[in-house]
Amino acid sequence: MKTFKLHLIRHGITQGNLDGLYIGNKTDLPLCEEGRAQLASLQERFSYPKVDTVFSSPLSRAVETANILFPDATHKFSVDDLREAGFGIYEGRPLKELVKDPDFGKWMNPESGFTPKGAEATADFNQRCAETLLKLFEYMIKSGIAEAACVTHGGVIMSMLSQRALPSRRPEQWMADPGCGYTVQTDAELWMRDRLVEAIDVIPAGYLDTVAGQESSEEV
């Protein structure tokens, strides 16, 4: 049976990342120079897939990453539901200050049900992410697109895969470094019957071996 493959990639580094700010979908930051240099280094050292179809979050940091990593893709789609969550009153604030706020602690606990003023409820965010992953595959299956890339945000990837990917893992176990991510695949039967995908690799190719090597060196 024909399989359909999607490469989920986290956008590159922004100045907000370097400054330790809590950046959601209300702050449209571009990549910083370090972010662009980091993506160039990844491209030089490792291999990204060659795809003709790329989906991305509409936020600048994701669109710019998609254009850098996949400059030759013919079909590029901005998908609004691939945007990061909205953080409401916590948007743009330093994380080192937020961790001292008891309400922020509740916000970080998905079981608390707490939603800060102006933020997107966690349940709504998770539903959006799960549905969007399925819609991307539905589009690929109906259009006969066997392989595509999707450049989005770390939180979106964690939410998508913790809900719809095999093997089953907690959200934090699906964290991705900037410019990196996971390759997932499904077939029409698995998608229609179970609404699930299989995580089959880390991208870019070869990156996981480097990370594993670094961890081994640190343990010695």
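What you are looking at is a predicted structure, and each value in this text was computed from that prediction instead of being measured.

1. Topic: the state of the cysteines
One covalent bond between the sulfur atoms of two cysteine residues makes up a disulfide. The full count for this structure, using the stated rule, is zero disulfides. No disulfide involves C32; its nearest neighbouring cysteine sulfur is the one of C180, lying 15 Å away. Judged by relative accessible area, C32 falls into the buried class, the value being 8%. This cysteine, C129, is not joined by any disulfide, and C150 carries the nearest cysteine sulfur, 10 Å off.

2. Some thoughts on the packing of helix 6 (residues 122-143) against helix 7 (residues 154-164)
Two elements in contact, helix 6 and helix 7, have axes whose closest approach is 8 Å; the angle formed by their N-to-C orientations is 75°. Relative to helix 7, the element helix 6 lies roughly perpendicular. The residues of helix 7 that touch helix 6, namely those facing F125, N126, C129, A130, T132, L133 and L134, are G155, V156, S159, M160, Q163 and R164. Residue composition of the contact of helix 6 with helix 7, grouped by class: seven nonpolar, five polar and one charged.

3. Quick notes on the packing of aromatic side chains
Inspection of the entire model under this criterion finds eight aromatic pairs. When the centroid spacing of 3.9 Å and the interplanar angle of 10° are considered together, the rings of Y22 and F87 count as stacked. Highlighted residues: Y22 in the loop between helix 1 (15-18) and helix 2 (33-45) and F87 in the loop between strand 3 (75-78) and helix 4 (95-98), separated in sequence by 65 residues. Across this residue pair, the class does not change: Y22 and F87 are buried. Between Y90 and F104 the ring centres are 5.2 Å apart and the planes differ by 85°, which places this aromatic pair in the edge-to-face class. Highlighted residues: Y90 in the loop between strand 3 and helix 4 and F104 in helix 5 (residues 102-108), separated in sequence by 14 residues. Each member of the pair Y90 and F104 is classed as buried.

4. Observations concerning the pattern of salt bridges
Pairing is possible between side chains that carry opposite charge, provided their charged atoms lie close to one another. Evaluated as defined, the whole model comprises 10 salt bridges. D81 is the partner of R83 in a salt bridge, and the nearest nitrogen-oxygen pair spans 3.1 Å. Among the residues examined, R83 registers a relative accessible area of 21% and is labelled partly exposed. Between E172 and R170 there is a salt bridge whose closest N-O contact spans 2.8 Å. Residue class for R170 comes out partly exposed when judged on its relative accessible area of 49%. Put simply, E33, R36 and E64 are held in one network by salt bridges that share partners.

Analysis parameters
Residues numbered from 1 in each chain as written. Predicted model: local features only at pLDDT ≥ 70, side-chain atom pairs only at ≥ 80, totals over all residues. Heavy atoms only, no water. Disulfide = S-S within 2.5 Å. Buried < 20%, exposed > 50% of the residue type's maximum accessible area, 1.4 Å probe, protein only. Axes fitted to C-alpha atoms, helices over the stretch in contact; angles between N-to-C directions. Helix = DSSP H or I, 4+ residues; strand = E, 2+ residues; numbered from the N terminus. Parallel < 35°, antiparallel > 145°, perpendicular 65-115°, else oblique. Contact = heavy atoms within 4.5 Å. Nonpolar A, V, L, I, M, F, W, Y, C, P; charged D, E, K, R; others polar. Phe/Tyr/Trp six-rings, centres within 6.5 Å; stacked < 30°, edge-to-face > 60°. Salt bridge = Lys/Arg side-chain N within 4 Å of Asp/Glu carboxyl O.

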